[in-house]
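# Descriptive analysis of the structure
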Amino acid sequence: MPQLSVLLPLTGLLFLLSSVLGSEVSVPYPVTCTTRGADLTQDTVVVLCPPQCTQWRMSVFGTGVYAAVSSICGAAVHRGILGPAGGPVRVHRLQGRHNYISSYAHGIHSQALSHWTASFSLTSRWNNFEPINVPQELISETSTTALPAAARPVKKLLKKPSVKKALAGGNKDCQMDIAMVIDSSSNIGQRRFNLQKNFIAKLAAMLRVGPIGPHIGLIQASDSPRTEFLLTNYTQPKELLFAIKELAYLGGDSNTGKAIMHTAETFFSQENGGRRGHPRVMMVLIDGWPSDDLDQAAMLARESGINVFLVSVAKPAPEELSMVRDKDFMKKAVCKDNGFFSYPIPSWFSTTKHIRPLIQRLCSLDGLLCSKTCYNSVNIGFLIDGSSSVGDGNFQLVLEFLAGIARSFEISDVGAHIGAVQFTYEQRLEFGLSDYSNKDDAINALRRISYMSGGTSTGSAISYTTQNLFRRTGPGRNFLIVVTDGQSYDDVRGPAMAAHKQGITIFSVGVAWAPLDDLKAMSSEPKDSHTFFTREFSGLSEFIPLVVRGICKDFTENN
């Protein structure tokens, strides 16, 4: 038995510890009634709940220990530590667990949940050691014997199916940023709105969101558009499905044009979670017909590189056509009026069979015509003269020139690609088109190329690059930038002509003693706009905007 003299200092220590912990956050952090545990990043934080939260619809999952998807203030009311006047509550972040208990307490009905990735518990602000009391009226008895994930035997954890692990990152074959614009007008009504929610939930589940898969955000179209969540708010399937389930019906007019304009203007920005180089897709669902015009909004979307799909459910009946202000709204709204971007569905009661075909369209990289700008669709090869006449200092100026060109493009897994070959009498593949999946890494690799020094065989280098750098790419979007400072010891016409026939557009950039005849023999038609020459290596930087503009002009004309 411990002596009283030992217990007294311990009691004092606990009191001191409690005092210190109680002063961690002197000013409570204000939250809304619907702020979730998952929205907080600190392990322990004091939040300030507003008054009258019981008048809000708050989702709560669990009893005592709550799933992180729960409303903090709703859980605090359920827990019995928050009244109608609101007030401060201390939130403790915990590990995920299995089987959250459903119960009814203090006017709040919490729901059961099989498992979630993170949890939290609550105490009043002034008591860090308050025990958790389970409400007497338990709704779900089957979950009361479950253990937290951390307490489960290690062997059990290791036996979880590996398929889920493999899919955790998302669908790598559909790395799109997708904005879903749904109909929340009075025209659709509450019942069909719920059917619409079920449809997009199934669609989202099959798309398989994830950090390296598609990202999904959602906007409701009504009198005014309302952004419900951004592209990066929910990157795990279960969280996304809960967010869709919690959507509230708005009512009002079907101002689809306003919603498209709102989405095109800001939704895909990097500040709002848009990923550089990833195709932008906007899927617009509409029940019947819109209340406003779509022309200007659709034009902005197209100019912004956004692929607008229009899913029209229950199209106007013949007797309703007189009420439709623009009978061609579907043709005007979509990215391109070619049948690919328009998807009619007869009824909300028959949407399930359309999910897979629609996903195939949304994830079809080759079909997303509005995404295909020169900046995110080209393959650019740099063929770099490393001969002795260049010199190490000038070689660095060449690399900076090429880095300036590369910097203009959106380099990524699904965007533009660059690769480099250096040549003397020999050829060296410095890096391939698919070796680097982001701009910074690609440009750093370009700048790290070491100078070879040797002779000049430009013709052989063009043949090598054609066969080794562009061997797995399709025609129409392949560009080769040849930089050389002198006469080639071999023929350049034959290899250049073979490259042209393979669909590779060549820009020739000559410096110092490079013969103009050789440069024009290598370059694509028209020769004048694909051939550049400067006496000094320092003059190369002036060609950067001209070469970039030339690549984009060629790409646009060929695609």
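In what follows, the accompanying structure is described. (Residues numbered from 1 in each chain as written. Predicted model: local features only at pLDDT ≥ 70, side-chain atom pairs only at ≥ 80, totals over all residues. Heavy atoms only, no water.)

### Some thoughts on the overall build of the chain
Within the chain, the regular secondary structure consists of 17 helices and 20 strands. Of the roughly 26500 Å² of accessible surface on the chain, 54% is carried by carbon and sulfur atoms. (Helix = DSSP H or I, 4+ residues; strand = E, 2+ residues; numbered from the N terminus. Areas by Shrake-Rupley, 256 points an atom, 1.4 Å probe, with all protein chains shown as cover.)

### Topic: the environment of D328
Looking at the element boundaries, D328 is found in the loop between strand 13 (306-313) and helix 9 (329-333). Taking the C-alpha atoms as reference points, D328 and L294, 34 residues apart in sequence, are found 9.8 Å from one another.

### A short note on the packing of helix 7 (residues 256-267) against helix 8 (residues 295-303)
The N-to-C vectors of helix 7 and helix 8 enclose an angle of 25°; their axes lie 8 Å apart at closest approach. In this view, helix 7 runs roughly parallel relative to helix 8, as classed from their interaxial angle. Two packed elements cross with a definite hand, and for helix 7 against helix 8 that hand is left-handed. In contact with G257, I260, M261, A264 and E265 of helix 7, helix 8 contributes Q296, A297, A298, L300 and A301. Taken together, the residues of the contact of helix 7 with helix 8 sort by class into seven nonpolar, two polar and one charged. (Axes fitted to C-alpha atoms, helices over the stretch in contact; angles between N-to-C directions. Parallel < 35°, antiparallel > 145°, perpendicular 65-115°, else oblique. Left-handed = near helix turned anticlockwise from the far one by under 90°. Contact = heavy atoms within 4.5 Å. Nonpolar A, V, L, I, M, F, W, Y, C, P; charged D, E, K, R; others polar.)

### A few points about the pattern of salt bridges
This structure, assessed with the given rule, holds ten salt bridges. We note a salt bridge from R226 to E228, for which the minimum N-O separation is 2.9 Å. Looking at E228, the relative accessible area reads 25%, which means it is partly exposed. (Salt bridge = Lys/Arg side-chain N within 4 Å of Asp/Glu carboxyl O. Buried < 20%, exposed > 50% of the residue type's maximum accessible area, 1.4 Å probe, protein only.)

### Remarks on the sheet that holds strand 9 (residues 177-183)
The strands that make up a sheet pair up through hydrogen bonds in the backbone, lying either parallel or antiparallel. Taken in spatial order, the six strands make up an open sheet running 11-10-9-12-13-14, and their pairing is mixed. The outermost strands of the open sheet, each flanked by one partner alone, are strand 11 (226-229) and strand 14 (342-345). For this sheet, the mean angle separating the axes of adjacent strands, direction not counted, is 20°. The sheet contact formed by strand 9 and strand 10 (residues 215-221) spans seven bridges and is parallel. Within strand 10, the residue paired with D183 across the bridge is A221. Against the sheet, helix 10 (residues 355-362) contacts strand 12 (280-287), strand 13 and strand 14, and its axis sits at roughly 170° relative to strand 14. (Pairing = 2+ DSSP bridges.)

### Points about the side chain of N255
Tracing the backbone through its elements, the reader meets N255 in the loop between helix 6 (237-245) and helix 7. For N255, a relative accessible area of 11% translates into the label buried. If sequence neighbours within four positions are ignored, N255 has contacts with A221, S222, D223, S291 and D292.

### Description of helix 14 (residues 458-468)
What helix 14 keeps buried is the set T458, G459, A461, I462, T465 and T466. Viewed end-on, helix 14 has its buried residues packed into an arc of 160°, placing them on one side of the element. (Arc of directions from axis to C-beta.)

### A closer look at the side chain of H530
Structurally, H530 is set in the loop between helix 16 (516-522) and strand 20 (531-534). A polar contact is formed between the side chain of H530 and the backbone oxygen of S524, at a distance of 3.5 Å. Sequence-distant contacts of H530, that is, excluding residues within four places in its chain, are made with T505, I506, F507, S508, S523, S524, E525 and D554. (Polar contact = N/O pair within 3.5 Å; in protein donor to acceptor, adjacent residues only side chain to side chain.)

### Some points on the sheet that holds strand 19 (residues 504-511)
The six strands lie next to each other as 17-16-15-18-19-20, forming an open sheet whose pairing is mixed. Lying at the two open borders of the sheet, with one neighbouring strand each, are strand 17 (427-431) and strand 20. Direction aside, the axes of adjacent strands within the sheet are offset by 20° on average. Where strand 18 (residues 478-484) and strand 19 come together, seven bridges link them in parallel fashion. Following the sheet pairing, N478 is matched in strand 19 by I504.

### Describing the packing of aromatic side chains
The final tally for this structure, using the stated rule, is 14 aromatic pairs. Plain terms: the ring middles of F309 and F341 are 4.8 Å apart, the flat faces sit at 50° to each other, and that makes the pair tilted. Separated by 32 residues along the polypeptide, F309 in strand 13 and F341 in the loop between helix 9 and strand 14 bring together distant segments of the chain. Given a relative accessible area of 1%, F309 falls into the buried group. Since its relative accessible area comes to 0%, F341 is described here as buried. Of note, R97 hangs over the ring of Y100, and the distance from its end group to the ring centre comes to 5.8 Å. (Phe/Tyr/Trp six-rings, centres within 6.5 Å; stacked < 30°, edge-to-face > 60°. Lys NZ or Arg CZ within 6 Å of the ring centre and 35° of its normal.)

### Focus on helix 8
Turning to helix 8, its buried residues are A297, A298 and A301. Seen from one end, helix 8 has its buried residues packed into an arc of 95°, which puts them on one side. What points out from helix 8, more than 90 degrees from its buried face, is the exposed set Q296 and E303. Following helix 8 by one or two positions, G305 adopts a phi angle in the positive range, close to 75°.

### Description of the nonpolar core
The biggest cluster of nonpolar side chains holds 64 residues, and the ones touching the most others in it are M180, I200, L203, L207, M282 and M283. Of the residues forming this core, the biggest block, seven residues, is contributed by helix 5 (residues 189-207). Counting 42 residues, the second largest nonpolar core, distinct from the first, contains I380, F409, A416 and F431. (Core = buried A, V, L, I, M, F, W, Y, C linked by side-chain atoms within 4.5 Å.)

### Side note on the state of the cysteines
Note: disulfide means a covalent bond formed between the sulfur atoms of two cysteine side chains. A complete count under the given rule lists five disulfides for this structure. The residue that forms a disulfide with C174 is C363, at a sulfur-sulfur distance of 2.0 Å. Its S-S torsion of about -75° marks the bond between C174 and C363 as left-handed, since a negative value means left-handed. Taken together, the residues span a long stretch of sequence, with C174 in the loop between helix 4 (162-167) and strand 9 and C363 in the loop between helix 10 and helix 11 (374-377) at a distance of 189 residues. (Disulfide = S-S within 2.5 Å.)

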